[in-house]
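# Coordinate analysis (summary)
Here is how the chains run, residue by residue.
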Amino acid sequence: MGTFSKHHRFHENGQDPNVNNVAAYGRPYRSLYTSTKLMSVRHHIDVTDDAGRVIYQAQSKVISYRDKTDIYDFRGTHVAHIERKAMSFHERHYVSMAGGLQFELSNEIFHMVKDITNIEGLGWQLRGNVWGLNFALYDHLGRIIAVIGQKWFSVHDKYCVDIYQPAAEPIVIAILITLQHMICDRENRQAANRSTNQR
């Protein structure tokens, strides 16, 4: 049975996609999932399918000022490299796909009133924000590519992504992993600010 929340689009593996996603965009090509222990996003993320099979893996360097991450598919083939720009106010992340395609994401997506982010190098848009735990990804023609949902109140950092354009899947996964790192950055900054203010 699919999830019925109008606003929250997360669903567990094995569940049908959110009924509102299906009503708006049709049934996705497939859904993939990540589940990461809190505070471990820096090291390893598995991306699994409905059957729990690992389809992609993201490996990050334990100590890396630029937060360097590489994504591999289940065969061990390199898919993408993600790297944070040093000394950037918006902590911009660069993504280089194995085929040579490059694009950029910025954490301006976490601005409370700005809910559209242009993905430079693709002409795509990421609409949504961390407060709603939902993101929709559109191509340069305004067609839906994927819908990303994050689980509320979970002891693990769980995401699902419903993919509507099969050819875009590796890029969608790279964006999903980058998004998780950017959210982790934001949470770490907030924790540091709270610690500083309490002194």
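Residues numbered from 1 in each chain as written. Predicted model: local features only at pLDDT ≥ 70, side-chain atom pairs only at ≥ 80, totals over all residues. Heavy atoms only, no water.

## Observations regarding the pattern of salt bridges
Rules: Any Lys or Arg side-chain nitrogen located within 4 Å of an Asp or Glu carboxyl oxygen qualifies as a salt bridge. In this description a helix means any DSSP run of H or I spanning at least four residues, a strand means any run of E spanning at least two, and both kinds are numbered starting from the N terminus. Whether a residue is buried, partly exposed or exposed follows from its accessible area with a 1.4 Å probe, protein chains only, as a fraction of its type maximum: under 20%, in between, or over 50%, in that order.
The full count for this structure, using the stated rule, is 9 salt bridges. Residue Asp-16 pairs with Arg-27 through a salt bridge whose shortest N-O separation is 3.9 Å. Taken together, the residues Asp-16 in the segment before helix H1 (19-25) and Arg-27 in the loop between H1 and strand E1 (30-37) connect sequence positions 11 residues apart. Judged by its relative accessible area of 55%, Arg-27 is exposed. In this structure, Glu-120 and Arg-92 form a salt bridge, with 3.0 Å as the shortest nitrogen-oxygen distance. You can see Glu-120 sitting in the loop between strand E8 (116-119) and strand E9 (124-129) and its partner Arg-92 sitting in the loop between strand E5 (78-84) and strand E6 (93-97), a full 28 residues away along the chain. Accessibility expressed as a relative area gives 17% for Arg-92, which makes it buried. One network of salt bridges, with partners in common, ties together Glu-12, Lys-151 and Lys-158.

## Re the environment of Asn-13
Filter applied, for reference: Residue contacts are counted whenever heavy atoms from the two residues lie within 4.5 Å of one another.
Looking at the secondary structure, you find Asn-13 in the segment before H1. Taking the C-alpha atoms as reference points, Asn-13 and Tyr-33, separated by 20 residues in sequence, lie 6.8 Å from one another. The contacts of Asn-13, once residues within four sequence positions are left out, are Tyr-33, Asp-49, Asp-50 and Gly-52.

## Remarks on the nonpolar core
Keep this limit in mind: Grouping buried Ala, Val, Leu, Ile, Met, Phe, Trp, Tyr and Cys residues that are joined through side-chain atoms within 4.5 Å yields what is termed a nonpolar core.
Ile-71, Phe-103, Ile-119, Trp-124, Leu-137, Val-161 and Ile-175 are the most contacted members of the largest nonpolar core, which has 37 residues in total. Here the element with the most residues in this core is helix H2 (residues 169-197); it accounts for 10 residues. Here Trp-124 is in contact with Thr-117, Asn-118, Ile-119, Leu-137, Tyr-138, Asp-139, His-140, Ile-145, Ala-168, Ile-171 and Ile-175, once residues within four sequence places are set aside. In terms of nonpolar packing, the next biggest core, distinct from the first, is built from 5 residues, Ala-136, Ile-144, Val-147 and Tyr-164 among them.

## Here's the deal with the pairing of E6
Operational definition: Pairs of strands are assigned from DSSP output, requiring at least two bridges between the strands.
Residues His-93, Val-95 and Met-97 of E6 are buried on one face, while the alternating residues Tyr-94 and Ser-96, pointing to the opposite face, are not. Linking E6 to strand E7 (residues 102-105), which pair antiparallel, is a turn of 4 residues; within it Gly-100 sits at a positive phi near 110°.

## A closer look at the confidence of the model for the chain
This is how the line gets drawn: pLDDT measures the predictor's confidence residue by residue and takes values from 0 up to 100.
Overall, the prediction assigns the chain a mean pLDDT of 81, with 71% of residues at 70 or greater. Between the elements of the chain, mean pLDDT differs from a low of 75, seen in H2, to a high of 96, seen in strand E4 (residues 69-73).

## Describing the side chain of Thr-69
The condition is simple: Counting of polar contacts relies on pairs of N or O atoms within 3.5 Å, with two restrictions inside protein: one atom must be capable of donating a hydrogen and the other of accepting it, and residues adjacent in sequence are counted only when both atoms are side-chain atoms.
Structurally, the position occupied by Thr-69 is in strand E4. On the basis of relative accessibility, which here comes to 1%, the residue Thr-69 falls in the buried class. One polar contact links Thr-69 to Ser-60, side chain to side chain, over a distance of 2.7 Å. Those residues in contact with Thr-69, other than ones at most four positions away along the chain, are Ala-58, Gln-59, Ser-60, Ala-80, His-81, Ile-82, Ile-177 and His-181.

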